Amino acid sequence: KRRNPYQPEFVQAVQEVAEDIFDFMEDKEEYHAQQILRRISEPDRVVSFRVCWEDDAGNIRVQRGWRVQNNNAIGPYKGGIRFHPSVTESVLKFLAFEQTFKNALTGLPMGGGKGGSNFNPKGKSVREIMRFCQSFMTELYRHIGADVDVPAGDIGVGGREIGFMFGQYKRITNQFTGVLTGKGLEYGGSLIRPEATGYGAVYFLAEMLATRDDGLVGKTAVVSGSGNVATHAAEKITQLGGKVVTLSDSGGFIHDPDGITQEKIDWVKAHKTHRRGRIQDYCEEFENASFHPGKTPWGVPCDVALPCATQNELLGEDARTLVANGCMAVSEGANMPTDLDGVHVFKAARLLYAPGKAANAGGVAVSGLEMSQNSERRAWKEEELQQMLKDIMAGIHERCMTYGRQDGGYCDYVKGANIAGFKKVADAMLAFGVV
Ligand code: NDP
């Protein structure tokens, strides 16, 4: 806290990892001597820059952009770009720190980074978004590269924004390289990248349930968010026989006791992405659904919960409500959606609880596969990628079990993910000496 005043999200993320790593490091003198934890929690660099653009009315607007390159011990920096008014240096540092462990957990050679801007895409025209993306890339291009740092999408940055940024990168550098992932299929993107994070979070959930000889058939699921991760998580739960009853956005949540079927999910995707509408409009489209303004969905009784919106959206009291209502498993599609109090509640209740750095790693894993396809100038088939994603999620689950297994067969997935991710990066850092 003293080293990072006014950066609460970053301090929270480091504290959560440190709680597990201290125990693990106790008898490992070299990690202490080499100050590995301290070095991992100090980003390699934080680049901050001005992004200047012109709105449709001819006004000059000024935003702040960042790229946080946290650690490249095991591969080029890799992590998404977020456009949201809540973006600060603290938020991006926490995300880049978490990304370092997540990327290591996938088993693929990727370091950790994150970037973004406090630009608010809501209410902006497509041309305004294009001008902003071009201006953002006009500075970012000098800090990234296919073997240096490979950004992707995140909140507020989907396929369209990646297209605008890739176009500008290519124009400035005159190079066609795999410098961004989440690209369109026409210009080097990978099949199933849009689906990968949400699908992966559900595959991980299924792995956890399998340890109790259980599955998703007949389970009631509460999902938050209504963006890329939430809608694809809802889709996969439905495909595997579960019933999703909620979705949300920053305005509140909708509860549909009849279940949010594939047809309804398709409507949400089109409404939120193409029409850029609000989730509350769902209730005008589908009967029996209710809208709860300004609220999160954690009070709705469920068997499984998937927070898929944003950080700190599930607090200690929400965790206690979920446990009291009999929820048996939580799989985090979002990054750090549960606050520290909530994490402690889930651990104490011995819930099947998967932190984002394990459960939502499917997205970056398929991004890693997109990088491989770009390097080889090839494209894998959908079935091959689906199988690779499933295998990668099973591998992450296995790595978490290796370090998280407790007495009585219970697995502390937070501990398992933290230690497995840390060990891989730390051992590479040891090999490099003091750099
Ligand atoms: P989207 O922009 O597609 O969707 C974000 C969703 O979360 C929207 O429903 C949005 O509502 C809601 N939301 C955003 N900020 C807030 C807030 N402050 N309070 C309440 N709701 C909010 O983003 P993604 O689906 O891509 O990302 C969701 C989460 O998943 C993030 O934590 C992201 O870091 C994480 N993630 C994403 C990956 C990916 O591949 N896309 C990979 C790994 C993790 P509204 O429309 O009102 O803004």
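Residues numbered from 1 in each chain as written. Predicted model: local features only at pLDDT ≥ 70, side-chain atom pairs only at ≥ 80, totals over all residues.

Another aspect to go through is the overall build of the protein. Each helix and strand counted, the protein has 16 helices and 12 strands in total. For a compact globule of 435 residues, the expected C-alpha radius of gyration is about 22 Å, and the protein comes in at 21 Å, within 12% of that figure. Considering only C-alpha atoms, the protein reaches an extent of 60 × 55 × 45 Å along its principal axes. A total of 435 residues make up the protein; the buried ones form 52% of that total. By sequence separation, contacts in the protein at least 24 residues apart represent 74% of the contacts at least 6 residues apart. (Helix = DSSP H or I, 4+ residues; strand = E, 2+ residues; numbered from the N terminus. Rg over C-alpha atoms; globule rule 2.2 N^0.38 Å. Buried ≥ 20, exposed ≤ 12 C-beta atoms within 10 Å, placed from the backbone. Contact = placed C-beta atoms within 7 Å.)

The next thing to look at is the domain arrangement of the protein. For the protein, the assigned domains are domain 1 (8–19 + 35–178) and domain 2 (194–354). Between domain 1 and domain 2, the C-alpha centre-to-centre distance is 26 Å. Listed per partner, the contact involves 11 residues of domain 1 and 9 residues of domain 2. Elements with a minimum of two residues in the side of domain 1 that touches domain 2: helix 1 (8–25) and helix 4 (89–105). If one sorts the elements of the side of domain 1 that touches domain 2 by residue count, helix 1 sits on top with 5 residues. Here the side of domain 1 that touches domain 2 is composed, by residue class, of 4 nonpolar, 4 polar and 3 charged. (Domains from an automatic or database assignment. Nonpolar A, V, L, I, M, F, W, Y, C, P; charged D, E, K, R; others polar.)

The next point concerns the pairing of strand 4 (residues 112–117). Most of strand 4 is tucked away: 6 of the 6 residues are buried. Covered by surrounding structure in strand 4 are Gly112, Lys114 and Gly116 together with Gly113, Gly115 and Ser117, the residues of both alternating faces. Note that strand 2 (residues 60–71) and strand 4 share 6 bridges and pair antiparallel. In the sheet register, Gln69 faces strand 4, and the bridge partner there is Gly113. In this structure, strand 3 (residues 77–83) lies alongside strand 4, joined through 3 bridges in parallel fashion. Looking across to strand 4, one finds that Phe83 is bridged to Ser117. Taken together, strand 3, helix 4 and strand 4 form a β-α-β motif whose crossover is right-handed. (Pairing = 2+ DSSP bridges. Right-handed = clockwise from strand over helix to strand, strands pointing away.)

Taken in spatial order, the 5 strands line up as 1-2-4-3-5 in an open sheet, and their pairing is mixed. Looking along the sheet, the strands with just one partner apiece sit at the ends: strand 1 (45–54) and strand 5 (149–152). Strand-to-strand twist of the sheet, defined as the mean angle between neighbouring strand axes without regard to direction, takes the value 20 degrees. Running at roughly 150 degrees to strand 4, helix 4 makes contact with strand 1, strand 2, strand 3 and strand 4 of the sheet. Against the sheet, helix 5 (residues 126–140) contacts strand 1, strand 2 and strand 4, and its axis sits at roughly 145 degrees relative to strand 1. (Axes fitted to C-alpha atoms, helices over the stretch in contact; angles between N-to-C directions.)

Let's shift gears to the pairing of strand 2. Successive residues of a regular strand alternate their side chains across the two faces of the sheet. Examined bridge by bridge, strand 1 and strand 2 share 10 bridges and lie antiparallel to one another. The partner of Trp53 across the bridge, within strand 2, is Arg61.

Once that is clear, we can look at helix 16 (residues 413–432). Given a rise of 1.5 Å per residue, 20 residues ought to cover 28 Å, and the 29 Å separating the end C-alpha atoms of helix 16 matches this to within 8%. Taken across its 20 residues, helix 16 has 14 buried, putting it largely inside the fold. Taken from the residues just after helix 16, Gly433 is the one with a positive phi, measuring 75 degrees. (Expected span 1.5 Å × (residues − 1).)

In the contact formed by helix 4 and helix 16, the axes pass within 8 Å of each other and the chain directions differ by 85 degrees. By the angle class used here, helix 4 and helix 16 are roughly perpendicular. Between helix 4 and helix 16, the residues in contact are Thr100, Phe101, Lys102, Ala104 and Leu105 and Ala417, Asn418, Ala420, Gly421, Phe422, Lys424 and Val425, respectively. Its residues assigned to classes, the contact of helix 4 with helix 16 comprises 7 nonpolar, 3 polar and 2 charged. (Parallel < 35°, antiparallel > 145°, perpendicular 65-115°, else oblique.)

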